[in-house]
Amino acid sequence: MKGKLKRALSAALVITLLGSTLLTGCGGSPTAGNTSSETSASDSSAADSSEAVEVKTPADDGVYPTLTWYMPGDPTVITSEGYEAVSKVLNDYLEEKIGCHLELKIYAFSEYDQKCSTVISAGEHYDLMFTCDWINNFSTNAGSNAYLSLNDLLAANAPEAMADIPEYMWQATTINGNIYAMPALQVYAKNDGVFMRKDIAEEFGVKGSSYDNGVDKYTLEELGDIYAQIKVKYPDVIPDDCGGVFWTYLDEANDFNYLSGFDVPGVVRFTDEGTVINQFKSDEFMNYCKTVYDWVKRGYLQPDFASYVTQTDQLALDRMSPDHMTYRAGFTAPNVAAMAKTICGWEEEPVPIILSDKYAVTSGVTQSLTAIGINSDYPDLAVKLYNLAYSDEWFVNTMIYGIEDVNYTKNSDTEVTVNKESNYAAPLATFAIANQFITWVQQGASEPDQWEKAKAFCEDATPSELFGYIFDSSSVQNEVANCAAIYTEYRYPLLCGAVDPETTIPQMLDRMEKAGADKIIEEMQKQIDEFLGK
Amino acid sequence: MNIKISKIILYLILGLITIAWIVPILFIFVLSVSSGESISQYGYTLFPREITFDAYTYIIKNPAQIINSYKISIIVTLLGTFLGVLCTTGLAYAMSRKDFVANKVLNLFVTFALLFHGGLIPTYIVVTQWLHLGNTLWVLILTLLVSPWNVFLMRSFISGIPTELLEASFIDGATEFQTYFRIVMPLAKPGLASVGLLIMFGYWNDWYQGMLYIDDMKLTPLPLLLYKIISNIQYVLQNSQYINAANNFPTIGARMATCVIAIAPMLLAFPFFQKYLAKGLTLGSVKG
Amino acid sequence: MKKNKVLKDLRRKYPLLILALPGVLLILAFNYLPLTGLVIAFKNVDYSKGIFASDWVGFKNFEFFFKSFDAFRITRNTLVLNLLFIVFSTVISVTIAIMLYYVGKNMLKVTQTVLFLPYLVSWIVTSYALEAFIDSRNGVINQSLSAIGADSVNFYYQPNYWYVILVICYVWKVAGYYSILYYTRLLSIDPTLYEAADIDGATTWQKIRYITIYMLRPMIVMLVLLGIGNIFYSDFGMFYFLTRDNGMLYPVTDVIDTYIYRALRTINNPGMGAAVGLVQSVLGFILVVSANAISKKIDEEGSLF
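## Some points on the overall build of chain C
Here is step 1: For chain C, the count of helices and strands is 14 helices and 2 strands.
Here is step 2: Each principal axis of the C-alpha distribution contributes one length, and for chain C these read about 80 × 70 × 30 Å.
Here is step 3: Burial status across chain C gives 48% buried among its 305 residues.
Here is step 4: Restricting the contact set of chain C to residue pairs at least 6 apart, pairs at least 24 apart contribute 70%.

## Digging into the overall build of chain B
Here is step 1: Scanning chain B for helices and strands turns up 14 helices and 0 strands.
Here is step 2: Each helix and strand of chain B, ordered N terminal to C terminal, gives the series α-α-α-α-α-α-α-α-α-α-α-α-α-α.
Here is step 3: In chain B, buried positions account for 50% of the 288 residues.
Here is step 4: Once local pairs closer than 6 in sequence are excluded, the contacts in chain B between residues at least 24 apart make up 74%.

## Notes on the interface of chain C and chain B
Here is step 1: Tallying the contact residues gives 76 residues for chain C and 83 residues for chain B.
Here is step 2: Within the residue set of the side of chain C that touches chain B, elements represented by two or more residues are α1 (2-12), α2 (14-32), α4 (71-101), α5 (105-120), α6 (123-134), α8 (162-187), α10 (204-229) and α14 (270-298) of chain C.
Here is step 3: The class makeup of the residues in the side of chain C that touches chain B is 52 nonpolar, 16 polar and 8 charged.

## So, helix α3 (residues 60-67) of chain C
Here is step 1: Among all positions in α3 of chain C, only Asn 61, Phe 64 and Phe 65 of chain C are buried. Down the axis of α3 of chain C, the smallest arc covering the buried residues is 90 degrees, so these residues share one side.
Here is step 2: At its buried positions, α3 of chain C is contacted by α19 (477-495) of chain A together with α4 and α14 of chain C.

## Side note on the packing of helix α8 (residues 148-159) of chain B against α10 of chain C
Here is step 1: α10 of chain C packs onto α8 of chain B with a crossing angle of 165 degrees between their chain directions and a minimal axis gap of 10 Å. As judged from the angle between their axes, α8 of chain B and α10 of chain C are roughly antiparallel. Judged by the sense of rotation from one axis to the other, the crossing of α8 of chain B with α10 of chain C is right-handed. Of the residues in α10 of chain C, those touching α8 of chain B at Trp 149, Phe 152, Ser 156 and Ser 159 of chain B are Pro 218, Met 219, Met 222 and Leu 226 of chain C.
Here is step 2: In terms of residue class, the contact of α8 of chain B with α10 of chain C is made up of 6 nonpolar, 2 polar and no charged.

## Observations regarding the sheet that holds strand β19 (residues 415-418) of chain A
All names here are of chain A.
Here is step 1: Strand order in the open sheet formed by 3 strands is β18-β19-β20, with mixed pairing between adjacent strands. Each of the sheet's edge strands pairs with one partner strand only, and the pair in question is β18 (408-410) and β20 (441-442).
Here is step 2: Relative to β20, β19 runs parallel, the two being bridged by 2 bridges. Following the sheet pairing, Glu 415 is matched in β20 by Val 441.

## Things to note about the sheet that holds strand β12 (residues 267-269) of chain A
Residue and element names in this part refer to chain A.
Here is step 1: Judged by pairing direction, the sheet is antiparallel, and its 3 strands sit side by side in the order β11-β12-β13 without closing on themselves. Lying at the two open borders of the sheet, with one neighbouring strand each, are β11 (256-258) and β13 (272-277). Across the sheet, the mean angle separating the axes of adjacent strands is 35 degrees when strand polarity is ignored.
Here is step 2: Across 3 bridges, β12 lies against β13 in antiparallel orientation. Residue Arg 269 lies in a different strand from β13, and its bridge partner there is Asp 272.
Here is step 3: Against the sheet, helix α21 (residues 517-533) engages β12 and β13, with an angle of about 160 degrees to β13.

## As for the domain arrangement of chain B
A common way to report how large an interface is uses the accessible area buried once the components associate.
Residues and elements named next belong to chain B.
Here is step 1: According to the domain assignment, chain B consists of domain 1 (1-52) and domain 2 (63-277).
Here is step 2: The interface of domain 1 with domain 2 comprises 7 residues on the first partner and 8 residues on the second.
Here is step 3: Take the side of domain 1 that touches domain 2: its biggest share by element is 4 residues, from helix α1 (residues 2-32).
Here is step 4: Residues of the side of domain 1 that touches domain 2, tallied by class, amount to 4 nonpolar, 3 polar and no charged.

## Points about the interface of chain C and chain A
Here is step 1: Taken together, the 38 residues of chain C in the interface contact 47 residues of chain A.
Here is step 2: Broken down by secondary-structure element, the contributors of at least two residues to the side of chain C that touches chain A are α2, α3 and α13 (256-267) of chain C.
Here is step 3: Broken down by element, the residue count for the side of chain C that touches chain A peaks at 6 residues, all from α13 of chain C.

## With respect to the environment of Ile 106 of chain A
Residues and elements named next belong to chain A.
Here is step 1: Along the chain, Ile 106 turns up in strand β4 (residues 101-108).
Here is step 2: When the C-alpha positions of Ile 106 and Ile 78 are compared, they lie 10.0 Å apart, and in sequence the two are 28 residues distant.
Here is step 3: Among residues more than four places away in sequence, those in contact with Ile 106 are Met 71, Gly 73, Pro 75, Pro 427 and Leu 428.

## So, unusual backbone geometry
Here is step 1: The phi dihedral of Asn 145 of chain A falls on the positive side, at around 65 degrees, and the residue is not glycine.
Here is step 2: As for its position among the elements, Asn 145 of chain A is in the loop between α5 (138-143) and α6 (151-157).
Here is step 3: Owing to 22 C-beta atoms within 10 Å, Asn 145 of chain A belongs among the buried residues under this scheme.
Here is step 4: A positive phi is found at Asp 245 of chain C, a non-glycine position, where the angle reads about 50 degrees.
Here is step 5: Position of Asp 245 of chain C among the secondary structure elements: in the loop between α11 (236-242) and α12 (250-253).

## A closer look at the pairing of strand β17 (residues 369-372) of chain A
All names here are of chain A.
Here is step 1: By the alternation rule, side chains of β17 split into Leu 369 and Ala 371 and Thr 370 and Ile 372, which are all buried.
Here is step 2: When strand β5 (residues 128-131) meets β17, the two strands line up antiparallel, connected through 4 bridges. The residue of β17 that forms the bridge with Phe 130 is Thr 370.

## Observations regarding the packing of helix α4 (residues 63-96) of chain B against helix α11 (residues 189-205) of chain B
Residue and element names in this part refer to chain B.
Here is step 1: The geometry of α4 relative to α11 is characterised by a closest axis approach of 9 Å and an angle of 140 degrees between their N-to-C directions. The orientation of α4 with respect to α11, classified from their angle, is oblique. Crossing of α4 against α11: the hand is right-handed. In contact with Ser 73, Val 76, Thr 77, Gly 80, Thr 81, Gly 84, Val 85, Thr 88 and Thr 89 of α4, α11 contributes Leu 192, Val 195, Gly 196, Ile 199, Met 200, Tyr 203 and Trp 204.

## Some details on the confidence of the model for chain C
Here is step 1: When pLDDT is averaged across chain C, the result is 86; 99% of the residues are at 70 or more.
Here is step 2: Across the whole predicted complex the pTM is 0.82, and at the interface the ipTM reaches 0.83.

## Considerations on the confidence of the model for chain B
Here is step 1: In this model, chain B carries a mean pLDDT of 81, and residues with pLDDT of at least 70 account for 85%.
Here is step 2: In this model, residues 241-247 of chain B is a region of pLDDT below 50 whose contacts with residues beyond four sequence positions or in other chains number 18 contacts.

## Quick notes on the nonpolar core
Here is step 1: Judged by nonpolar contacts, the single largest core of 327 residues is most densely connected at Leu 385, Tyr 386, Ala 389 and Cys 483 of chain A.
Here is step 2: Here this core takes 16 residues from α8 of chain C, the largest share from any one element.
Here is step 3: Those residues in contact with Ala 389 of chain A, other than ones at most four positions away along the chain, are Phe 395, Val 396, Met 399, Ile 433 and Ala 434 of chain A.

## Here we look at helix α3 (residues 80-97) of chain A
Residue and element names in this part refer to chain A.
Here is step 1: Counted at 1.5 Å a residue, the expected span for α3 with its 18 residues is 26 Å, and the 25 Å between its end C-alpha atoms agrees.
Here is step 2: Contact partners of the buried residues in α3: β4 and α17 (393-401).
Here is step 3: Backbone geometry just after α3 places Gly 99 at a positive phi near 90 degrees.

## Points about the environment of Thr 258 of chain B
All names here are of chain B.
Here is step 1: Mapping Thr 258 onto the fold places it in helix α14 (residues 252-274).
Here is step 2: For Thr 258, a count of 25 C-beta atoms within 10 Å gives the class buried.
Here is step 3: Along the backbone, Thr 258 and Ile 230 are 28 residues apart, and their C-alpha atoms lie at a distance of 7.8 Å.
Here is step 4: Leaving out residues up to four positions away in the same chain, Thr 258 has contacts with Ile 59, Leu 226 and Ile 230.

## Some details on the environment of Ser 188 of chain C
Here is step 1: Along the chain, Ser 188 of chain C falls in the loop between α8 and α9 (191-199).
Here is step 2: Sequence separation of Ser 188 of chain C and Val 125 of chain C is 63 residues, and the distance between their C-alpha atoms is 36 Å.
Here is step 3: Apart from residues lying up to four places away in sequence, Ser 188 of chain C is in contact with Gly 160, Ile 161 and Pro 190 of chain B.

Conventions we followed
Residues numbered from 1 in each chain as written. Chains lettered and ligands numbered in written order. Predicted model: local features only at pLDDT ≥ 70, side-chain atom pairs only at ≥ 80, totals over all residues. Helix = DSSP H or I, 4+ residues; strand = E, 2+ residues; numbered from the N terminus. Buried ≥ 20, exposed ≤ 12 C-beta atoms within 10 Å, placed from the backbone. Contact = placed C-beta atoms within 7 Å. Nonpolar A, V, L, I, M, F, W, Y, C, P; charged D, E, K, R; others polar. Arc of directions from axis to C-beta. Axes fitted to C-alpha atoms, helices over the stretch in contact; angles between N-to-C directions. Parallel < 35°, antiparallel > 145°, perpendicular 65-115°, else oblique. Left-handed = near helix turned anticlockwise from the far one by under 90°. Pairing = 2+ DSSP bridges. Domains from an automatic or database assignment. pLDDT = per-residue confidence, 0-100. Core = buried A, V, L, I, M, F, W, Y, C linked by C-beta atoms within 7 Å. Expected span 1.5 Å × (residues − 1).

Following this line, the structure appears as structure tokens:
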């Protein structure tokens, strides 16, 4: 009896001891700030916030520091072996050029937001991170001091980037005088419109618009007339793509410049950027909703558009059907035309029908930025790394495509064919890194010279006066949160023509008023006045 | 005669329930082997016009990775279930003993843990920075090992064991441990099987813990891998102006196929547990 | 004197402590340690200082929820729907469990497996299965309606149907889970009780009422209490994916968790999110404590503490 008890006891003790060592491990106090290390005379930088960040000189300890770079992409097309092979090639190159190593942290788009926000909140010491206004929101993170101020780091460490990227782009990433992120060179001009299949366009005599700013623009009514003609000849087909709603993020079609995202009341007109108005009260909004309500009745849009619009699987299927006639994306640019052709399986490039002028606005720039973490241990090196990605064609394309002849084959100077069976098959998104215009194009995805065309596309856009202004919502956070929640309830029903706007819009406005919409507008106006007064 | 009719009615009702329950699952299975075109043309039917395994081949395009993820999931599930049942039962037993002076404290301790959540960020900080468990196999196991909910379930099963049996055992001179291992555990077998089943499913299906804490593709469990593949597709479609969606892939089918791939192993594991869930196990040890 | 009694009992029953220890440590590590993060609810998060060292702002983060005009609607929706869920799932699961008890082995295995499968299916996938039924063009219901000449119903646009739809989906998903639990509990009922009742001449119905359900009562009470504890929380996936996040359904389907998700997407303030979570926990806790006190009067064994 006693022996058995002893054995049972010791067994239990062993188990619990094991358990507790696993749990306590090397636990200690949470890391709250920066690690301290030796300051070297040549590298020191003072951030705008109170802490000073010290930097290790790489050559000193003989081991190269590893910088981490968070990026969205597709991690399922790489394996550990594939990644390690490419990583070795990149690191060898980096050792020569800057003296560091790179660790890429690639997350799927769908989890990127969550991952980054946990990493930021936990105060981790990452170096570079992709951020923008449609995922892992730049202005909120920067507003909470998640990122390092780069003012003093850029001139010394990123000469190519500073020279090439125009001044107003840097303004777009500046908040309260601090540059918090490095913009990427990609398509930053925005406009609104749809693409129409070439043969249908020819059949109905639709000439289409030019990509030049404001040339051969169409109005929404004219588009409606085209659809009416199509409906007469093909009564069972739904002409519109239903791939999104016009007023999603930035609606240049009505000359509105969104200051805080579309869900929040408060915009300025491009024609009068000094006055803030509530876009939901505007005539344009009411007319648009009425038009869509009418279009649904006439069969230009899906009958259950309001719930259809979130069914991306069904949309992908419908786009490949032979009846499908149009394609709509966030903006109507030449590279998007090529994408439309591939996604819908069309034989020729579609005709653009552009419904607005082309604008260069802050949100066009803030759709792809890279920031440096506030707790980064190597900010100098991080900026140098970004600059390298910006200017060095071989480097950035190796990051994207891997090793030549193993992961891809080169067809020409600018085109490659990705080897989909390989263990590193183009996991990254090209627009997310520094300079999209020097990246190579995948065969079949778009035209080989698409970036030249894209550059030209951006050059004649009308820049906004408010370039560089980002709304600071800290004093009206409650009102913004509540108004946004209210708007998102009505957004699809109104923009997809499911409800009668004449009765519903007043309801929505009433609720927003109670939630404090006017306060938001006042605050925005105050900030604009200050900004423009500068 | 009366008994026979009521038995027939019983079987009928259960049969109807079974059918009602399985129809949606059949839909899922059928959708996973339907081609995209036939769905958009003919709508949803239980009898597909064409059968295609495109969705499956798309997902399994990298077999080495799927096999690795299966391996990880299996290790985590087996280890986690075994340890989880042990730890949960131990705690639940202590909580069920009303004669134990610390009983009320333990119950309150677990109840409080159930009702109050620290939130995602603090948990993340605790796990990665204080416990240094990030990106290890153990994080997948430990975070789901003991949940207050399961502890309560187990307590409820153990409470079903009459206290007379325990008293009888003590009177016979057995120690606490002996009573626990020789009397309580065998009698609690159905409970162990039920909660074990739930813990096992918890591990097998989990992608969330993996998403938060695992970066290394070598340590990615199966549901997380499938989640990455599928949800990426949707995101790409929604933001197609930003992302080059040059691939031609089946979408609804792929999503359903993910579900089927995840469920299929469970169909194999279930019968194993069902052995313990049949009426045969009775007490039979209550002495007069 | 009481202290002595306590120590004496502990010393005698220390194996119980050892048995409980691993579980306690794990719960301590993964449930209690993160509770320190609740302070975020009272802070204005500034990442340059780290979240724990950020400034205190008192109750400011709570304002946005309480001041919101919709606070009443979303709370009402959360409570009403959760209550419906608890009631229907309990009734149906108990009924199924009792039925399974009287049926043969083969049917038992098949039924249990089939019933349990929905629990493994994610809400996203379930939403497709649901769509197969209620889609306005191709869904099974509307196809049948048009076959008999009636108008089709656009379920995604009509909020009132969703009380029924959501309850059905929820029961479909969890009935298997709960019925297995109740069934397992039934297995430990001493069959001599039934034999004794037979001798006394009880009818089947009486046996069910006075033995089966009576023995299940503690478990029912406990599960209902646990449900009440979580009554201010909702399964986000369910409400977001099944409804396809359609604004027209919000009057019925907008619950606290979905509202917060929408509102905080623009602001992304972890302090506000933590504040709402804290409110949900505290309210749930208060309810559970009261319900627990009541439950003690009904069935001491089922109460939580």
